[in-house]
Amino acid sequence: MDSGGILGLTGAETAGALESGEIASDEVIGAWDRAAASDDLNSWLWLPEAREQEEATGAPVAIKDIFCTEGIPTTAGSRILEGYLPPYDSTAVAKLRAAGLPVLGKTNMDEFAMGSSNENSAFGPVLNPWDRTRVPGGSSGGSAACVAGGTALWALGTDTGGSIRQPAALCGIVGLKPTYGAISRFGMIAFASSLDQCGPLTTNVTDAAMLLSILEGRDPLDSTSTGIPGGIVPPEGEDLSGLTFGVPRSFLEKGVDPGVGDVFERSLTEIESLGGTVVEVELPHAELGISAYYILAPAEASTNLSRYDGVRYGMRVEERDLVEMYEQTRSLGFGREVKRRIMLGTYALSSGYYDAYYARAQRVRTLIARDFETAFEQVDFVVTPTSPSVAFEIGEKVGDPWTMYLNDLFTVPMSLAGIPAISIPAGLSEPAGGGPELPVGLQLAAPAYGEQKLLNASIALEKSIGFEGRTGEVGR
Amino acid sequence: MNSPDAEFEAVIGLEIHVQLSTETKMFCGCRLSFGDPPNTHTCPICLGHPGVLPVPNRRAIEYALLIAAALGCEVAPSSIFHRKNYFYPDNPKAYQISQFDVPIASGGNLAGVRIHRAHLEEDAAKMIHVGTSGRIQGSDASLVDFNRAGTPLVEIVTEPDLTSGAQVREWGQLLRATVRQLGVSDVNMEEGSLRCDANVSIRPKGSDQLGTKTEMKNMNSFRFLERGIEAEIERQTGILRNGGQVVQETLHFDPATGELHPLRSKEEAHDYRYMPEPDLVPVAPDSGMLEAAAAALPELPEAREARYRDELGIQEGAARLMSVETAWAEFFEGMLESEPEIEPKVAANWLTGELAAELRRQDDISLGSSPVTPANLARLVGMVQAKRVSNASAKDVLVKMVSEGADPEQVVVGEGLEQISDSGELESIVDAVIEANPGPAGEVLGGNEKAIGALVGAVMKEAGGRVDGGEVNRLLRERLTAD
Ligand SMILES: [Zn+2]
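Since the structure is predicted, the reported quantities are computational estimates derived from the model, not experimental observations.

A. Structural view of the pattern of salt bridges. What the rule picks out here adds up to 54 salt bridges over all chains. With a shortest N-O distance of 2.7 Å, Asp33 of chain A and Arg51 of chain A are connected by a salt bridge. Placement of Asp33 of chain A in helix 3 (residues 25-37) and of Arg51 of chain A in the loop between strand 1 (44-46) and strand 2 (61-64) is noted, with a sequence separation of 18 residues between them. Here Asp40 of chain A and Arg132 of chain A are joined by a salt bridge, their closest N and O atoms 2.9 Å apart. You can see Asp40 of chain A sitting in the loop between helix 3 and strand 1 and its partner Arg132 of chain A sitting in the loop between strand 3 (103-107) and helix 5 (141-148), a full 92 residues away along the chain. A single salt-bridge network, built from bridges that share partners, covers Glu427, Asp431, Glu471, Arg474, Glu478 and Arg479 of chain B.

Right, here's the structure in full:
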């Protein structure tokens, strides 16, 4: 099989061809190494110059640069970690390696996963393969762009408030954020520890399930990890009969671009045509999600990022005394958005403000989790558009943090509730200002540990929607 | 100068950090060490690398439960860890994982001093400042040794129930002995495995308001702490008596000069921005763990002192020494075990009186490093009790036991120190002495009781000390009043 043939296989097909001996390990790795090297979207922060012989059982995986990889540069998209070589592998990467899936390379991202456009990377923005003047979404922008652009078969990302689902939607691929605790966070550089969760970005639902089945599991190195009871098997589903899908109409009124709205309504029709029932549900507190999230996540980030002080690793600006060294290292090492969130979080945790901000936001979080519990008494899934708009132009929102934050309006509530949610491509739509059509994502959320059900419903929808991906211009 | 006089009284509370002697650190698998080469017991977790997560040490939780049981604390069904945020090179994550509003243990009491709380946390790394100042200001460079970073600590906080430096020393020693007895810490103040801070304030006697307190940090012995507190009480009393106001600050007491120095107040102006630690789940000890802690509780010094005093009739000083100093208690218990028939009170006197004095006299040998074993001392006491040797001879034997590690049986037999138990032999010596000393004998006969001393001395000398003074006395009286 030639290189092009290998690149055209899905994850499951690649594994099958390797197992039957139809193709060899080094052919697969070589084909993907060449594909990755051909990237012109700034998807990659690191690709190997040479490889030792590796026995692969499947295609190598693109790893978001937030996962520590032993001896391989890991920056989290930040200057402050430039040159840092982790002395250990994150559990997620170790599990992939153990399953015979090598590291293809490390992908670009918003600095410390803070962003929705990948414009906050210290190493330059990533371009959307559908339109190079537009963002791929963020923070797992590199992981989404390389998969959509055909320079990787599949990728690992992390999702704190939408950082897997939103870029997957904007790039027209599948992105899954599992239940909080399903996959170990050990070795995943922390942004907001109580929200961060690792997950796959793939071209199809079956591949997402395949990666999830390898990654999930309780890890003794992560006290908050639980795994998924019962594990994950290859998803199956032809129709949606007997399943109920809840649409939080009043929440969606908070602002969806008309084009995105049209695709979403078509998805609902698709669900019904597959035998599913669509009903309306209330998530009365979901609209407070963004506000609560932008207290809680920065608060946790402000303490998580305090360790980057120039003392032990990474960047250090030499100064006359300790305090100046701290100040200069952190002033020059962190980008604007990271500093903004550190300031927000520090303020929210300060003595005298804790109850008004942090404690209150925690109460909102509890209310949102309860909203979902109540909704799931009525329905099997909650469905929304993944993002209010299709991919926007580079530079369009970067000057207005609040507008940028609203990108995560529909993804943040699931993160706060700790429940699994997937974004699958639902169709194409013109951007609000006109132009070539761009992908729209459909988000499905399920109760905690409902990943298998979520994947089964997603695969039925995937087949019937028949989204083709972008053909011709990129990779395959 | 040791009391704030009749006008004022001191109010003192303590914060004691106990380093737990677990095999590994609080949140990672690195071994605990003391005195090993710097940075040889570290890993990505205790160095605060990106992406690492803490996993609590179960043994440390068990040790904390033991301390809680020993102090009579209530254990929280579910306690949580917080992050205490501050920047300093000894704090690798820039936050210390500690318990804040829900500690593992609260309430409790030790010897009348109420325990406010006890909580688990991790220790900081150790900093060495290169240069003349010895402090970070003005140093040429600062080095960090992360071997200590992440060592499990239990911080015990008392209520302000103490009133003098001497009481603090005594209570501190009792607490140290209690923790040592649990086997959960080395409690060595010089090595820093026990650290004690004191909050001191003064108020008019009888007042129920607390005065402004100062904090005295990190004294490396309870004696120094006692002196520091007494100096601080005197200083505060002087301020109040002159109509001044005590300023809240942290002080360092220099035992060499006896002076108190304020530590920089800037260093303490912290807002720690406490936040629940999202990387850890609550500590929820199950009933099995609680029962195991209760069952593992040994006899503690406070109870042991009471038993020694009340049940064994040992005098207070000896009972205190043998309960606060575990080595002495173990020695004493060892004596009773090897010679069960000896009188505990006598054994205690020989141990804390004669042996202690002889150890001091011979180069201040410590009990642990002396060659005298509990069995040997018990044998000697047994011989005295059986009147096989006299008290005087026994003391000579003890000298040889300390200096040469001699076996008491061998010394007594080898040097012929066995008491003359043949009454015929003793009687003939007595008769001979009366005959040779007609003067004193006559005086005794004439009613001068005191004159008998010279005759007793003469008999003892003649018998080479191998006789019991009381027996000699009895025989002399018998002879000198019989006619
Ligand atoms: Zn360690």
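Text resumes after the structure shown.
B. Inspection of the coordination of the zinc ion at higher detail. Residues and elements named next belong to chain B. The coordination sphere of the zinc ion contains the protein donors Cys28 (SG), Cys30 (SG), Cys43 (SG) and Cys46 (SG), at a distance range of 2.3 to 2.4 Å. For the zinc ion, the 4 donor atoms in the first shell make angles of 101 to 114° at the metal, a pattern classed as tetrahedral. Look at where the donors of the zinc ion fall in the sequence and you get C-x1-C-x12-C-x2-C. Residue Cys28 is found in the loop between strand 1 (8-19) and helix 1 (58-70), and its partner Cys46 is found in the loop between strand 1 and helix 1; the two are separated by 18 residues along the sequence. The residues Cys28 and Cys46 share a single accessibility class, namely buried.

C. Layout of the sheet that holds strand 7 (residues 244-247) of chain A. Residues and elements named next belong to chain A. Spatially, 1-3-2-4-6-5-10-11-9-7-8 is the arrangement adopted by the 11 strands of the open sheet, whose pairing is mixed. Sheet topology places strand 1 and strand 8 (277-280) at the edges, where each strand pairs with a single neighbour. The mean angle between the axes of side-by-side strands here comes to 35°, regardless of whether they run parallel or antiparallel. Pairing analysis gives 2 bridges linking strand 5 (residues 174-177) to strand 6 (residues 197-202), with the strands arranged antiparallel.

D. Representation of the environment of Gly446 of chain B in the model. In this structure, Gly446 of chain B sits in the loop between helix 13 (438-445) and helix 14 (452-462). Along the backbone, Gly446 of chain B and Leu480 of chain B are 34 residues apart, and their C-alpha atoms lie at a distance of 9.6 Å.

E. Quick look at the packing of helix 8 (residues 344-361) of chain B against helix 10 (residues 391-404) of chain B. Residues and elements named next belong to chain B. Where helix 8 contacts helix 10, the axes come no closer than 10 Å and their chain directions differ by 50°. As summarised for this structure, helix 8 and helix 10 are arranged oblique, according to the angle between their axes. Seen along the crossing, helix 8 lies across helix 10 with a hand that is right-handed. Of the residues in helix 10, those touching helix 8 at Trp350, Glu354, Leu355, Glu358, Leu359 and Arg361 are Asn391, Ala394, Lys395, Leu398, Val399 and Val402. Split by residue class, the contact of helix 8 with helix 10 holds 7 nonpolar, 1 polar and 4 charged.

F. Summary view of the packing of aromatic side chains. Tallied over the full model, the rule gives 22 aromatic pairs over all chains. On the basis of an interplanar angle of 75° and a centroid distance of 6.0 Å, the ring pair of Tyr86 of chain B and Tyr272 of chain B is categorised as edge-to-face. Of the two residues, Tyr86 of chain B is situated in the loop between strand 3 (81-85) and strand 4 (95-99) and Tyr272 of chain B in the loop between strand 14 (259-262) and strand 15 (275-276); the sequence distance between them amounts to 186 residues. A relative accessible area of 26% means that Tyr272 of chain B is categorised as partly exposed. The ring of Phe381 of chain A carries the charged tip of Lys453 of chain A above its face, separated from the ring centre by 5.6 Å. Seen from the ring of Tyr272 of chain B, Lys84 of chain B lies directly overhead, with NZ or CZ sitting 4.4 Å from the centre.

G. Molecular detail of empty space enclosed by the protein. Counted under the stated rule, the structure contains 4 cavities of 30 Å³ or more. Counted as a void, the largest cavity has a volume near 170 Å³. Here the lining of the largest cavity is composed, by residue class, of 13 nonpolar, 3 polar and 6 charged.

H. How the structure looks around the confidence of the model for chain B. Residues with a pLDDT of 70 or more make up 97% of chain B, whose mean pLDDT is 91. Note on the complex model: pTM 0.89, ipTM 0.96.

I. Structural view of the interface of chain A and chain B. Listed by partner, the interface residues are 38 residues for chain A and 32 residues for chain B. Linking chain A with chain B are 1 salt bridge. Salt-bridge contacts for Arg185 of chain A lead to Asp279 of chain B; the nearest nitrogen and oxygen are separated by 3.0 Å. Run the count over chain A and chain B and you get 16 residue pairs in polar contact (both at pLDDT 80 or more). The set of elements that each furnish at least two residues to the side of chain A that touches chain B consists of helix 10 (289-304), helix 11 (322-333) and helix 12 (336-349) of chain A. Of all the elements, helix 10 of chain A adds the most residues to the side of chain A that touches chain B, at 5 residues. For the side of chain A that touches chain B, the class distribution of residues is 20 nonpolar, 12 polar and 6 charged.

J. Fine view of helix 7 (residues 326-338) of chain B. Residue and element names in this part refer to chain B. End to end, helix 7 covers 18 Å across 13 residues, agreeing with the expected 18 Å (1.5 Å per residue, within 8%). What helix 7 keeps buried is the set Thr326, Trp328, Ala329, Phe331, Phe332, Gly334 and Met335. Looking at the packing, one finds that the buried side of helix 7 touches helix 2 (165-182), helix 5 (301-310), helix 6 (316-324), helix 8 and helix 9 (374-385).

K. Region of interest: a nonpolar patch on the surface. Residue and element names in this part refer to chain A. Taken together, Tyr347, Tyr353 and Tyr357 make up a surface patch of nonpolar side chains, about 290 Å² in accessible area. Structurally, Tyr347 can be placed in helix 12. The class for Tyr347 is partly exposed, based on a relative accessible area of 41%.

L. Fine view of the side chain of Arg273 of chain B. Positionally, Arg273 of chain B belongs in the loop between strand 14 and strand 15. The contacts of Arg273 of chain B, once residues within four sequence positions are left out, are Ser302, Thr346, Leu349 and Ser350 of chain A together with Arg83 and Asn85 of chain B.

M. View of the pairing of strand 11 (residues 438-445) of chain A. All names here are of chain A. With 8 of 8 residues buried, strand 11 is to be regarded as a mostly interior element. Of the strand pairs in this sheet, strand 9 (residues 381-385) and strand 11 are connected by 4 bridges, and their pairing is antiparallel. Looking at strand 11, one finds that Val383 is bridged to Leu444. Examined bridge by bridge, strand 10 (residues 421-429) and strand 11 share 8 bridges and lie antiparallel to one another. Among the inter-strand pairings, Ser429 is bridged to a residue of strand 11, identified as Leu438.

Calculation rules
Residues numbered from 1 in each chain as written. Chains lettered and ligands numbered in written order. Predicted model: local features only at pLDDT ≥ 70, side-chain atom pairs only at ≥ 80, totals over all residues. Heavy atoms only, no water. Salt bridge = Lys/Arg side-chain N within 4 Å of Asp/Glu carboxyl O. Helix = DSSP H or I, 4+ residues; strand = E, 2+ residues; numbered from the N terminus. Donors = N, O, S within 2.8 Å, 3.2 Å for Na, K, Ca; no water. Tetrahedral: all angles 85-135°; square planar, octahedral: opposite > 155°, others 65-115°. Buried < 20%, exposed > 50% of the residue type's maximum accessible area, 1.4 Å probe, protein only. Pairing = 2+ DSSP bridges. Axes fitted to C-alpha atoms, helices over the stretch in contact; angles between N-to-C directions. Parallel < 35°, antiparallel > 145°, perpendicular 65-115°, else oblique. Left-handed = near helix turned anticlockwise from the far one by under 90°. Contact = heavy atoms within 4.5 Å. Nonpolar A, V, L, I, M, F, W, Y, C, P; charged D, E, K, R; others polar. Phe/Tyr/Trp six-rings, centres within 6.5 Å; stacked < 30°, edge-to-face > 60°. Lys NZ or Arg CZ within 6 Å of the ring centre and 35° of its normal. 1 Å grid on protein atoms, 1.4 Å probe; cavity = no way out; pocket = protein on both sides within 12 Å on 5 of 7 lines; lining within 4 Å. Points joined across faces, edges and corners; volume = space filled by probe spheres on them. pLDDT = per-residue confidence, 0-100. Polar contact = N/O pair within 3.5 Å; in protein donor to acceptor, adjacent residues only side chain to side chain. Expected span 1.5 Å × (residues − 1). Patch = residues over 30% accessible without salt bridge, like charges linked within 9 Å, V, L, I, M, F, W, Y side chains within 5 Å. Areas by Shrake-Rupley, 256 points an atom, 1.4 Å probe, with all protein chains shown as cover.

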